[in-house]
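# Summary of structural features
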Amino acid sequence: MLGPQATLPTSQPTRQVPAGKRVAYAANQVAINMLWQAFNAVAVYFYVTNLQVSAVAISSGMIAYGVLNALFNLLAGHISDRTHTRWGRRIPYIAGCSLPFALSFIFLFSPPSLGQTGLLCYFFVMTLAFDLSFTFTALNAGALYPEMFVTERDRAYVSALQQLFGIVGLIAGVALAKSLGETLGWRSMGLVFGAIGVLSMYVSLYGSFERKDTRESPFGWREALSATFRNRRFLVYVAASFLVQFTTTLFTSASSFYTTYVIRLTPMQNSLFLGGIFVVAMPLSFVWARAAVRFSSARSLCLSILVYALVELSLLVDRNPVSLLCTGLALGVPIAGFMVLLNVLLAEVIDIDAARTGRRREGMYLGVNGCIVRLGMSLQYAVMAVFFALSGYRSGAAIQSSGTILGFRVLLGLVPLIFLLAAFVFMLLYIRMGKEQRIVKATDAPSSST
């Protein structure tokens, strides 16, 4: 456990946050997870299968867009850290961007009557608006967490609440988006999700505040980047996080195609398949949290990576809805680990940096982390573009060729294994760095006491 240097310095007694405000603050995870995961799960699927936009064109465009999107996170984090207003540096962005965040999602699924080229352009314009507002909303909401809650007890309690709200959002975004879009209509789905999203963000604002006594003089742009990328522990962490989140995002984006062409599921079965993942993940998130305390977060993440890799191999051989539903339930075990452990490890990295530099830079760390992880979007769509081009996928076709179906199995069952094994190696390196740091401290201890 980190010492006093790793927490926010306060010149006044710690302000006790009422339980109602802690619950209200955690509600932002409904909007953040629901809208973002729904975008990943069905946006490309909707434009490719329902509007017959070229799959290769939209995937190729998303490769370049992913790089631009990654820069949004980097800039948003630095801008947030350097903002000073009478209302704080995080809250104004949350208040101002929450409504555009919801509206851009609604408009994305309410396209006007345009030709194929027009729809492709419309998709990227709405995606840009959605991503910009999402980045400033989610990053600043996340940056409030370590500032608002400075005790270990508060952080643990609020983190548990965030997981509960987050899983509700994940179930809605991943499991219900496709089924609601196909039953109620895509525009109605967008309206329902957008309304719930903006409501949860403004409920969250009720529970949000900033501590004036914790504001430090921020780094300049070059100094902030330099200090961040000199942190070797962060670089190893973010490499593993990038690889893990690439595989989960690829699964989210490609699963709609898998359940349409490989093993056809009804809207209800599709909801059970994806929703079952998070129903299992909800109680197991507390199990992984206890494992992190007992065995360390890094070791627990290694285990969750191995379990995820083994379970995803089942997608190579699943033959009917029942076996696929069982695979979905099993995926909930490692997914719960990812949800809990990646956040805990990033907070650990930020605390260590604060102890070293004397400044808390949640915005920059969240921004750089988001920048690097978002590059996974480019990698993801590059993989999908190659797949669409080589597998013979036909946009809008009710039945695909046997080669395309096999390609979907390899895409979801075998390709992630490569990236997960690399993530496992990075986490072993992270563990080794922790051991070396403890050895150095033990070696220095006698000399510092003399």
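Up top is the structure these notes are about.
All values derive from a computational prediction rather than experimental measurement. (Residues numbered from 1 in each chain as written. Predicted model: local features only at pLDDT ≥ 70, side-chain atom pairs only at ≥ 80, totals over all residues. Heavy atoms only, no water.)

## Overview of the overall build of the protein
Per the secondary structure count, the protein includes 15 helices and zero strands. Within the protein, the fraction of its 450 residues that count as buried is 57%. Considering only residue pairs separated by 6 or more positions, the protein has 86% of its internal contacts joining residues 24 or more positions apart. Total accessible area on the protein is roughly 18500 Å²; 68% of this is exposed by carbon and sulfur atoms. (Helix = DSSP H or I, 4+ residues; strand = E, 2+ residues; numbered from the N terminus. Buried < 20%, exposed > 50% of the residue type's maximum accessible area, 1.4 Å probe, protein only. Contact = heavy atoms within 4.5 Å. Areas by Shrake-Rupley, 256 points an atom, 1.4 Å probe, with all protein chains shown as cover.)

## Some thoughts on the pattern of salt bridges
The tally for this structure, following the rule as stated, stands at one salt bridge. The salt bridge partner of R233 is E348, with a shortest N-O separation of 3.7 Å. Taken together, the positions of R233 in helix α9 (residues 232–262) and E348 in helix α12 (residues 321–357) put the pair 115 residues apart, joining distant regions of the chain. Of the residues examined, E348 reaches a relative accessible area of 26% and is grouped as partly exposed. (Salt bridge = Lys/Arg side-chain N within 4 Å of Asp/Glu carboxyl O.)

## Overview of the packing of helix α2 (residues 28–50) against helix α3 (residues 55–82)
For the pair α2 and α3, interaxial distance at closest approach is 9 Å and the crossing angle is 140°. The orientation of α2 with respect to α3, classified from their angle, is oblique. Handedness of the crossing formed by α2 with α3: right-handed. Residue-level inspection shows F39, V44, Y47 and V48 of α2 in contact with α3, the latter providing A55, I58 and M62. Looking at the contact of α2 with α3 residue by residue, the classes come out as seven nonpolar, no polar and no charged. (Axes fitted to C-alpha atoms, helices over the stretch in contact; angles between N-to-C directions. Parallel < 35°, antiparallel > 145°, perpendicular 65-115°, else oblique. Left-handed = near helix turned anticlockwise from the far one by under 90°. Nonpolar A, V, L, I, M, F, W, Y, C, P; charged D, E, K, R; others polar.)

## With respect to the side chain of S98
Among the structural elements, S98 can be located in helix α4 (residues 91–108). Given the relative accessible area of 1%, S98 is considered buried. Of the polar contacts made by the side chain of S98, one reaches the backbone oxygen of I94; its length is 2.6 Å. Contact partners of S98, with chain neighbours within four places excluded, come to T137, V198, M201 and Y202. (Polar contact = N/O pair within 3.5 Å; in protein donor to acceptor, adjacent residues only side chain to side chain.)

## Examining the packing of helix α10 (residues 267–295) against α12
Where α10 contacts α12, the axes come no closer than 6 Å and their chain directions differ by 35°. Crossing angle aside, the handedness with which α10 passes α12 is right-handed.

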